[in-house]
Amino acid sequence: VQLQASGGGVVQAGDSLRLSCAASGRTYTVEAVAWFRQAPGKEREFVGEIKWRGDSTYVTDSAKGRFTISRDNAKNTVYLQMNSLQPEDTAVYYCAADTKRRSFTATSSFLYKYWGQGTQVTVSS
């Protein structure tokens with residue numbers, strides 16, 4: 001499975017961005033796609049996840065109300081809509097694919113087998 005993340009950029013506080021994660025290859029093996037982010041000097045942080053089939057999504061409490069994850073199966077693409085961006089949202093955003101069906105939301109990066117290259121989001125105040 002190959003993942004291509006895109007859509008990052010430089011925005012001002014309060015602006016919105018939509019990130020895309022296009023999957024290719026053996027997408028039939030994908031069970032879920034997650035978004036992580038990593039700010040300079042910090043550990044990679046789980047943002048949210050969407051199941052590849054069905055409507056189940058999850059975002060962290062810090063993202064709830066501002067970030068939404070959605071999926072377009074026809075395009076094999078997962079989106080992260082980010083609204084009301086703040087400087088603390090500045091990070092490299094990665095998408096990752098999990099190929100194991102789990103009964104819980106996988107928030108650890110170690111559980112994701114495939115990773116996109118990351119896209120930089122910079123929010124200025």
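The rules behind the values
- Residues numbered from 1 in each chain as written.
- Predicted model: local features only at pLDDT ≥ 70, side-chain atom pairs only at ≥ 80, totals over all residues.
- Heavy atoms only, no water.
- Helix = DSSP H or I, 4+ residues; strand = E, 2+ residues; numbered from the N terminus.
- Rg over C-alpha atoms; globule rule 2.2 N^0.38 Å.
- Contact = heavy atoms within 4.5 Å.
- Lys, Arg positive; Asp, Glu negative; His and termini not counted.
- Charge placed at Lys NZ, Arg CZ, Asp CG, Glu CD.
- Disulfide = S-S within 2.5 Å.
- Buried < 20%, exposed > 50% of the residue type's maximum accessible area, 1.4 Å probe, protein only.
- Pairing = 2+ DSSP bridges.
- Axes fitted to C-alpha atoms, helices over the stretch in contact; angles between N-to-C directions.
- Phe/Tyr/Trp six-rings, centres within 6.5 Å; stacked < 30°, edge-to-face > 60°.
- Lys NZ or Arg CZ within 6 Å of the ring centre and 35° of its normal.

Q: Got a sec to walk through the overall build of the protein? Specific residues and values, please.
A: Summing up its helical and strand segments, the protein has 0 helices and 11 strands in all. Its helices and strands taken in sequence order, the protein reads β-β-β-β-β-β-β-β-β-β-β from the N to the C terminus. In terms of overall dimensions, the protein is globule-like: its C-alpha atoms have a radius of gyration of 13 Å, near the 14 Å expected for 125 residues. With respect to the principal axes defined by its C-alpha atoms, the protein has extents near 40 × 25 × 25 Å. A fraction of 56% describes how many contacts in the protein between residues 6 or more apart in sequence connect residues 24 or more apart. In the protein, the 15 positive side-chain charges and the 11 negative ones have mean positions that sit 8 Å from each other.

Q: Can you lay out the state of the cysteines for me, pointing to particular residues and giving the numbers?
A: What we call a disulfide is simply a covalent bond connecting the sulfur atoms of a pair of cysteines. Tallied over the entire structure, the rule returns 1 disulfide. Shown here is the disulfide that connects Cys-21 with Cys-95, its sulfur atoms set 2.2 Å apart. Between Cys-21 and Cys-95 the disulfide shows an S-S torsion of about 75°. By sign, it is right-handed. Of the two residues, Cys-21 is situated in strand S3 (residues 17-24) and Cys-95 in strand S9 (residues 91-98); the sequence distance between them amounts to 74 residues. Judged by relative accessible area, which is 1%, Cys-21 ranks as buried.

Q: Talk me through the sheet that holds strand S8 (residues 77-82); I want residue IDs and the actual numbers.
A: Ordered by their spatial adjacency, 4 strands build an open sheet running S1-S3-S8-S7, and the pairing between neighbours is antiparallel. Each edge of the open sheet is held by one strand with a lone partner, namely strand S1 (2-6) and strand S7 (67-72). Geometrically, the sheet is characterised by an average inter-axis angle of 15° between neighbouring strands, direction not taken into account.

Q: I'd love a proper account of the packing of aromatic side chains, names of residues and values included.
A: Each aromatic ring pair is described using two quantities: the centre-to-centre distance and the angle formed by the ring planes. Summed over all chains, the structure comprises 6 aromatic pairs. A ring pair is formed by Phe-36 and Tyr-112, whose centres lie 5.4 Å apart and whose planes are at 80°; its orientation type is edge-to-face. You can see Phe-36 sitting in strand S4 (residues 32-38) and its partner Tyr-112 sitting in the loop between S9 and strand S10 (114-115), a full 76 residues away along the chain. As far as burial versus exposure is concerned, Phe-36 and Tyr-112 are alike and both buried. For the ring pair Tyr-94 and Trp-115, a centre distance of 6.4 Å and an interplane angle of 75° mean the geometry is edge-to-face. A residue pair is termed long-range when its members are at least 10 positions apart, and Tyr-94 in strand S9 and Trp-115 in strand S10 qualify at 21 residues. One aromatic cluster is present, built from ring pairs that chain together Phe-36, Phe-46, Tyr-58, Tyr-94, Tyr-112 and Trp-115. The lysine or arginine in question, Arg-44, covers the ring of Trp-115, its NZ or CZ lying 4.8 Å from the ring centre.

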